[in-house]
Amino acid sequence: DTGVSQNPRHKITKRGQNVTFRCDPISEHNRLYWYRQTLGQGPEFLTYFQNEAQLEKSRLLSDRFSAERPKGSFSTLEIQRTEQGDSAMYLCASTLQRGFSTTGELFFGEGSRLTVL
Amino acid sequence: LAKTTQPISMDSYEGQEVNITCSHNNIATNDYITWYQQFPSQGPRFIIQGYKTKVTNEVASLFIPADRKSSTLSLPRVSLSDTAVYYCLVEGGSARQLTFGSGTQLTVLP
């Protein structure tokens, strides 16, 4: 399967713990996005990478959140000192961006659901 | 970033054509219009994208009037499996922060 893969699919943690999610994009996709989605809401943009460079971060992304994409391949999203308000589905998407045209089709993974107790 | 407005929910019956309209009054010249579908506990899935007039693919059509201030996603002969949330996005190459609104919950009834 060459789709976007996210791990783990589910994570339950206690408040104050650190969690890390991994996203493996479709190979050769140069752009990678992270979104967060809570029940009944649309996905909220968190950050995106162009190859290994993190080019934009949402103001939603507090200092407890950090994302990396070493070597422009897989990406990790770490949440430190989790809070109950961090409970959400974390979605990763990738695309092949050419030039400055529209972003085109985003390919989303199945998401990683975080529950903070 | 152009803001979009969609109905919160719509109901339809199997076999009917469904049209979901999205308003985007502040759309910029370089912006494209993209629609995604999302089922519960899954990531969104691309449906269709267009810039003007009409675009058609194997699952839907997208109608965009000349002023581009709105767009209509048309789903022909819906089935129960089309029950999902549908999102309209507007963005151009310079607006990399793709923004999803609250979407439209489509419920297809038997």
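On a predicted model such as this, the values are computed, not experimentally measured, just so you know.

Chemist: Please clarify how the side chain of Arg 36 of chain A should be interpreted in this entry.
Modeler: Residues and elements named next belong to chain A. When you line up the elements, Arg 36 lands in strand E4 (residues 31-37). Look at Arg 36 and you get buried, because its relative accessible area is 11%. What Arg 36 contacts, discounting residues up to four positions off in sequence, is Gly 42, Pro 43, Glu 44, Leu 46, Leu 60, Phe 65, Asp 86, Ala 88, Met 89 and Tyr 90.

Chemist: What is the right way to look at the sheet that holds strand E8 (residues 84-91) of chain B in this model?
Modeler: Strands pair in a sheet through their backbones, by hydrogen bonds, and they do so in one of two ways: parallel or antiparallel. All names here are of chain B. Read across the sheet, five strands follow the order E1-E9-E8-E3-E4 without closing on themselves; strand pairing throughout is mixed. Unpaired on one side and paired on the other, strand E1 (9-13) and strand E4 (45-50) mark the two borders of the sheet. If you compare each strand with its neighbour and ignore which way they point, the axes differ by 25° on average.

Chemist: Would you take a moment to explain the nonpolar core for this structure?
Modeler: Where a protein is soluble and globular, its nonpolar side chains tend to be buried together. Ile 33, Trp 35, Ile 47, Leu 73, Leu 75 and Tyr 86 of chain B are the most contacted members of the largest nonpolar core, which has 20 residues in total. Listing elements by their share of this core, those giving two or more residues are strand E2 (18-23), strand E3 (32-38), E4, strand E6 (61-64), strand E7 (70-75), E8 and strand E9 (104-109) of chain B. Among all residues touching Leu 73 of chain B, those that are not within four sequence positions of it are Val 18, Asn 19, Ile 20, Trp 35, Ile 47, Ile 48, Ala 60, Ser 61, Leu 62 and Tyr 86 of chain B. Counting 19 residues, the second largest nonpolar core, distinct from the first, contains Leu 32, Phe 49, Leu 61 and Ile 79 of chain A.

Chemist: Please explain the interface of chain B and chain A as it appears in this structure.
Modeler: Put simply, an interface is often sized by how much accessible area is lost when its parts join up. Each partner contributes to the interface: chain B provides 18 residues, whereas chain A provides 24 residues. Between chain B and chain A, roughly 1800 Å² of surface is buried when both sides are summed, and carbon and sulfur atoms account for 50% of that area. Run the count over chain B and chain A and you get zero salt bridges. Inspection of the chain B/chain A interface yields three residue pairs in polar contact (both at pLDDT 80 or more). Taken together, the elements giving at least two residues each to the side of chain B that touches chain A come down to E3, E4 and E8 of chain B. It is E3 of chain B that provides the largest number of residues to the side of chain B that touches chain A, a total of three residues. When its residues are assigned to classes, the side of chain B that touches chain A shows seven nonpolar, nine polar and two charged.

Chemist: It is not clear to me how the pattern of salt bridges should be interpreted in this structure. Could you clarify?
Modeler: In a structure, side chains of opposite charge can pair up when their charged atoms sit close to one another. Residues and elements named next belong to chain A. Counted under the stated rule, the structure contains four salt bridges over all chains. Salt-bridge contacts for Asp 24 lead to Arg 22; the nearest nitrogen and oxygen are separated by 2.8 Å. With a relative accessible area of 35%, Arg 22 lands in the partly exposed category. Residue Asp 86 is joined to Arg 64 by a salt bridge in which the shortest nitrogen-to-oxygen separation is 2.8 Å.

Chemist: So what exactly am I meant to see when it comes to the state of the cysteines here?
Modeler: A covalent bond between the sulfur atoms of two cysteines is what we call a disulfide. Within this structure, the stated rule accounts for two disulfides over all chains. Disulfide pairing is shown between Cys 23 of chain A and Cys 92 of chain A; the S-S distance is 1.8 Å. Judged by the torsion about the S-S bond (-65°), the Cys 23 of chain A/Cys 92 of chain A disulfide is left-handed. Here Cys 23 of chain A, found in strand E3 (residues 19-24), pairs with Cys 92 of chain A, found in strand E9 (residues 88-95); they are 69 residues apart in sequence, far enough to count as distant. The partner cysteine of Cys 22 of chain B in its disulfide is Cys 88 of chain B, sulfur to sulfur 2.2 Å. With the S-S bond torsion at -80°, the cross-link from Cys 22 of chain B to Cys 88 of chain B turns out left-handed. Taken together, the residues Cys 22 of chain B in strand E2 and Cys 88 of chain B in strand E8 connect sequence positions 66 residues apart.

Criteria and cut-off values
- Residues numbered from 1 in each chain as written.
- Chains lettered and ligands numbered in written order.
- Predicted model: local features only at pLDDT ≥ 70, side-chain atom pairs only at ≥ 80, totals over all residues.
- Heavy atoms only, no water.
- Helix = DSSP H or I, 4+ residues; strand = E, 2+ residues; numbered from the N terminus.
- Buried < 20%, exposed > 50% of the residue type's maximum accessible area, 1.4 Å probe, protein only.
- Contact = heavy atoms within 4.5 Å.
- Pairing = 2+ DSSP bridges.
- Axes fitted to C-alpha atoms, helices over the stretch in contact; angles between N-to-C directions.
- Core = buried A, V, L, I, M, F, W, Y, C linked by side-chain atoms within 4.5 Å.
- Buried area = accessible area lost by both parts, 1.4 Å probe.
- Salt bridge = Lys/Arg side-chain N within 4 Å of Asp/Glu carboxyl O.
- Polar contact = N/O pair within 3.5 Å; in protein donor to acceptor, adjacent residues only side chain to side chain.
- Nonpolar A, V, L, I, M, F, W, Y, C, P; charged D, E, K, R; others polar.
- Disulfide = S-S within 2.5 Å.

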